[in-house]
Amino acid sequence: TGLRSLRRAACDVPSAPRRPFVWSRTFSSNPAEAKMAGLALVGRMAGSLLDLPPCRCKVQVTRIVFQTRDGVNLVSSMFSALKMDENGDIVPSQSPSEPVSFPTIIVRTPYNRKHLDFVSRRFAERGYHVLVQDTRGRCESEGDQDPLLFDEQDGQDTIAWLHTKEWFKACPRVAMWGMSFLGMVQFAALSPRSSGNLHLNPTCLCTIMCSSRLHPIMNPDGNLALSLFTRWHYITHHLGENTTLLDLMQLMRKMDKRTKPAFRAGLRDIDRIITGQDVETVLGRTLRENIDAPADGPFYQKRDYTSKLECCPPSLFIGGWYDFFLREVLQDYAAVRGAEAARTAAGCVRGPRCPGPACAGTCAPGEGGSASPAPRPTGAGARSLLIVGPWHHFDKGAAICGFKEGLWWFDSVLQNTPAPRPPPPPVRLYVMGANVWRSYDEYPPPAMQHQLLFLAPNRTLAAGAPTGSDCTPDTYTMDPADPTPNVGGGDFHPTDAGAMSQNRLEARSDVVTFTSPRLRADLEIVGPVRAVLYVRSSAPHTDFVVRLCVVGSQAGGSTNLCDGCVRVQPGTGDVQSDGTLRLTVDMWATAFRFKPGQRVRVQVCSAAFPRYMVNPGTGERFPEMEAGRITGLPQHQEIFHDESHPSAIHLPVTQGTSLSVAFPPASAASSCAGCCGPASEELQPSTGVPGSDGGVTERDISELPAPAHQALDPDISGGTGTDALEIA
């Protein structure tokens, strides 16, 4: 029942007619045959639950070892698709010159290739050869692990090795698939124009929650992503060759207990705490020595593959509104789409394999050097697509969407068969609150307009600019010994991420909130959000975190939507004549529809621990630790919001809604008579998520999975969250 509920919630995709589940064969007494029958049974059950296309092939698994250019042996599992007839018998090749062949999918992982057997078999059963490889220094593969350093040459060597195989030459179309690190190695494997090996680049990619560069992931906006650094090191160290899925589940369950002490330890001690060993590991030393390296330094430059995006093949980009990769996913998609648009405008007929950045239509099929064969029969005219759902990094809905949409994408680009459904629009975004998928021709939506929501007296938000000049600023103090915690959002955690109640966080004295009146009409925002703050701090080195929230109409519960952080040091921001500092905070992006009766809220604080390393306020990059206690200077902060200091949030309001319509008329309560005291309308505490007065009011307009959870659809008692209740 739980699996069927998950299928309804996360995979509500119109597809082929449902097939009755049939026990086609009895289990044999032969162990090998019984195993094959059991695997086939699992495949049919998975296809039925996820509404996948019918199985076309049987699967043969082979362990493969091949040597890279520098003599390192990499181990892979090859899931070979064997075409079968209606009786389930394997169809032999008609002749040596016409072998039964299929496109190939490459998956490279540092997390034990055996954990991807389920996904690999599902791809292979539907007409793909799937090569799953342990990356260098991981599990059975030789060498030392150094994240993304050798993945460029190892990925290129893997593709070149495929091109030497006769079975591959019968169908020389290759794709890559994967999430997170498995997606980053896809960009690494691309050959740049200068290499002369564009013909070796994959036909298409499916990148799920990943980035073409490492620095902004480990050091977002100048902050060290402490929880990501620590928890990723923990997972990578303890995932070994013999780790089973049950071991993995236990590993994740123990993660908080093992990593929590490391958050309040020095960088040199993190490896010892994570591994339980006195001798520092190679990975631990590499991360410790280079985690704070500059973006233009050799460590991160060798792991920056953004220059390859101009020749990136058609790609499916999948992101989540609460994922820490979101900003990079949107930027990579924009770069690839820009290159595609430039080639289209120039009349290029060869797509990303064109040897020049702008061939002006002179690059005819088959030209471009002896190393460039004729264009492939598929993929050259495909356009990259973008999907963003309401997911955080560990969300099951993202994984299911990545597999199902990846399968459709590969069928569309790689197979010489009609696509199972019409081509989708280029951009599909899930609008939370409305709980619908919306389709756009580009991102950000062209009809979007940035409208200002101003911080106002009495800790309120107003649609009009402030007029008074004597308003007292709001103040708070952040103590590094007791840093403001992070709750939800883009943290690297399987459960404490995504949309979460902010009530306990907002009750702290080091968090200031500004809340709007109850909205009179719908207000929908889709796109990038940013804040402009006028501040003053007692410390020249400090942080400011700004978070956008929605307050429900039922009990005042506050839930996060998006946030951003800026690290302040001498030279950051614009110094005003009165000594205040004007800061611009990139709050990333979101898509949400506020309903009448709900309120908009903005949080301002100076830490999000342990998502980001605490700023000690002393000018040191990392704080000192004393007996598990973070040391540093208390930082007294002032937030200004008057006529001379119009602090505001820039909201990407979509066509058809407006702040001026949604907000009630300005009243006397917005004056500074109260000198920034509590909001005029008392907010009752709540542990729930924000309310909605009507549930889903619009139909799903795209063939995409709905989210596996209804975190922002709280009226489940009214009948709109049935599947979420069944899963719970």
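Refer to the preceding data block for the structure.
Residues numbered from 1 in each chain as written. Predicted model: local features only at pLDDT ≥ 70, side-chain atom pairs only at ≥ 80, totals over all residues. Heavy atoms only, no water.

### Let's talk about unusual backbone geometry
Omega for the peptide link from Y443 to P444 comes to -5°, which places this bond in the cis form. Mapped onto the elements of the fold, P444 is located in the loop between β10 (436–440) and β11 (449–456). In this structure, P610 follows F609 across a cis peptide bond, with omega equal to 5°. If you check the backbone angles, S180 has positive phi at about 65° while not being a glycine. As for its placement among the helices and strands, S180 is situated in the loop between β5 (174–179) and α6 (181–188). Given the relative accessible area of 13%, S180 is considered buried. One non-glycine residue, W588, lies in positive phi territory at about 65°. Tracing the backbone shows W588 in strand β19 (residues 581–594). (Helix = DSSP H or I, 4+ residues; strand = E, 2+ residues; numbered from the N terminus. Buried < 20%, exposed > 50% of the residue type's maximum accessible area, 1.4 Å probe, protein only.)

### Some points on the pairing of strand β15 (residues 523–537)
For β15, a buried count of 11 out of 15 residues is recorded, marking the element as mostly surrounded by other parts of the structure. Two elements, β15 and β19, share 12 bridges in a ladder whose sense is antiparallel. From the neighbouring strand, L523 faces β19, where its bridge partner is F594. Two elements, β15 and strand β24 (residues 648–653), share four bridges in a ladder whose sense is antiparallel. The partner of R530 across the bridge, within β24, is H650. (Pairing = 2+ DSSP bridges.)

### Re the sheet that holds strand β8 (residues 385–389)
Consider a sheet: its strands pair through backbone hydrogen bonds, and that pairing is either parallel or antiparallel. Read across the open sheet, the 10 strands follow the order β1-β2-β4-β3-β5-β6-β7-β8-β9-β10; overall the sheet is mixed. The sheet terminates laterally at β1 (57–67) and β10, the two strands that pair on one side only. Across the sheet, the axes of successive neighbouring strands diverge by a mean angle of 15°, strand direction being ignored. Direction of pairing for strand β6 (residues 204–208) relative to strand β7 (residues 315–320): parallel, over a ladder of four bridges. Across the sheet, the residue bridging to L205 is S315, located in β7. Lying on the sheet, α6 is in contact with β3 (104–109), β5, β6 and β7; it crosses β5 at an angle near 145°. Where helix α15 (residues 396–413) meets the sheet, its contacts fall on β3, β5, β6, β7, β8 and β9 (427–431), and the angle it forms with β6 comes to roughly 170°. (Axes fitted to C-alpha atoms, helices over the stretch in contact; angles between N-to-C directions. Contact = heavy atoms within 4.5 Å.)

### With respect to the environment of F454
Along the chain, F454 turns up in strand β11. Looking at F454, the relative accessible area reads 9%, which means it is buried. Taking the C-alpha atoms as reference, F454 lies 6.1 Å from A465; in sequence the two are 11 residues apart. Once residues within four sequence positions are removed from consideration, F454 is found in contact with T460, L461, A462, A463, G464, A465, P466, P646, S647 and A648.

### A short note on the packing of helix α3 (residues 117–125) against α15
Contact pair α3 / α15: the axes reach a minimum separation of 11 Å and the direction vectors enclose 30°. Compared by their axis directions, α3 and α15 come out roughly parallel. α3 and α15 meet at a crossing whose hand is right-handed. For the pair α3 and α15, the contacting residues are V119, R122 and F123 in the first and F403, G406, L407 and F410 in the second. Partitioned by chemical class, the residues of the contact of α3 with α15 number five nonpolar, one polar and one charged. (Parallel < 35°, antiparallel > 145°, perpendicular 65-115°, else oblique. Left-handed = near helix turned anticlockwise from the far one by under 90°. Nonpolar A, V, L, I, M, F, W, Y, C, P; charged D, E, K, R; others polar.)

### Quick notes on the nonpolar core
If you look at the biggest cluster of nonpolar residues, it comprises 163 residues, and the most contacted ones within it are W177 and F410. One finds V511, C565, C605 and Y612 within the second-largest nonpolar core, a separate group that totals seven residues. (Core = buried A, V, L, I, M, F, W, Y, C linked by side-chain atoms within 4.5 Å.)

### Section: the packing of aromatic side chains
Inspection of the entire model under this criterion finds 18 aromatic pairs. An angle of 70° between the planes, with centres 5.7 Å apart, marks the rings of F324 and F492 as edge-to-face. Note that F324 is positioned in the loop between β7 and α14 (326–345) and F492 in the loop between β13 (474–478) and α16 (503–506), a separation of 168 residues in sequence. Each member of the aromatic cluster is reached from another via a ring pair, and the members are F123, Y128, W177, F403 and F410. Here the basic side chain of R136 rests over the ring of F150, its NZ or CZ set 4.2 Å away from the ring centre. Above the plane of the ring of F299 lies R303, whose end atom (NZ or CZ) is 3.9 Å from the centre. (Phe/Tyr/Trp six-rings, centres within 6.5 Å; stacked < 30°, edge-to-face > 60°. Lys NZ or Arg CZ within 6 Å of the ring centre and 35° of its normal.)

Coordinates in, geometry out; function isn't part of it.
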